[in-house]
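Examining the three-dimensional arrangement
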Amino acid sequence: MPGIVPKAELAKHIQLVLTDRSELSAGREFGVMSPNTWRFADLGAKHAFLLNGLGWGSMPFLAVKEDLASRRLQELTIEDVPEGGFVMPMSAVYPSGAPPGPAADG
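First, a word on scope: everything that follows refers to the structure included in this document. (Residues numbered from 1 in each chain as written. Predicted model: local features only at pLDDT ≥ 70, side-chain atom pairs only at ≥ 80, totals over all residues. Heavy atoms only, no water.)

1. Some thoughts on the side chain of Ser-34
For Ser-34, the position within the fold is in the loop between strand 2 (15-18) and strand 3 (37-40). There is a polar contact of 3.4 Å between the side chain of Ser-34 and the backbone oxygen of Ala-11. A distance of 2.8 Å separates a polar atom in the side chain of Ser-34 from the backbone oxygen of His-13. Apart from the residues lying within four places of it in its own chain, the contact partners of Ser-34 are Leu-10, Ala-11, His-13, Gln-15 and Trp-56. (Helix = DSSP H or I, 4+ residues; strand = E, 2+ residues; numbered from the N terminus. Polar contact = N/O pair within 3.5 Å; in protein donor to acceptor, adjacent residues only side chain to side chain. Contact = heavy atoms within 4.5 Å.)

2. Section: the pattern of salt bridges
Under the definition given, this model contains three salt bridges. Among the ionic pairs, Lys-12 bridges to Glu-9, the shortest N-O distance being 3.3 Å. Residue classification places Glu-9 among the partly exposed positions, given a relative accessible area of 23%. Across the pair Arg-72 and Asp-67 runs a salt bridge whose closest N-O atoms are separated by 2.8 Å. Classification of Arg-72 by relative accessible area gives partly exposed; the value is 48%. Of the residues examined, Asp-67 reaches a relative accessible area of 5% and is grouped as buried. (Salt bridge = Lys/Arg side-chain N within 4 Å of Asp/Glu carboxyl O. Buried < 20%, exposed > 50% of the residue type's maximum accessible area, 1.4 Å probe, protein only.)

Next comes the structure, spelled out in structure tokens:
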């Protein structure tokens, strides 16, 4: 569908949703726009379903960068969603005597 996709149209299709297996977000939904959802505990499985055309959903950009470039996947422009998607601010706290190491460099 070219142009901006209305949320009402997305609601007609299966949305692939990553499930948080912890209790931190129990009872809360983030970015779910369709009443028709298939839930995944594994990002790789969700990616495979997207590549096979079995629904729509969001993914981290770096996980789908090559798929977008090769046109195996198509980025949707969704009504009321900012260009580039939503930004999730994150913070980390650690003891000054024990910095987190190379994982924090990026």
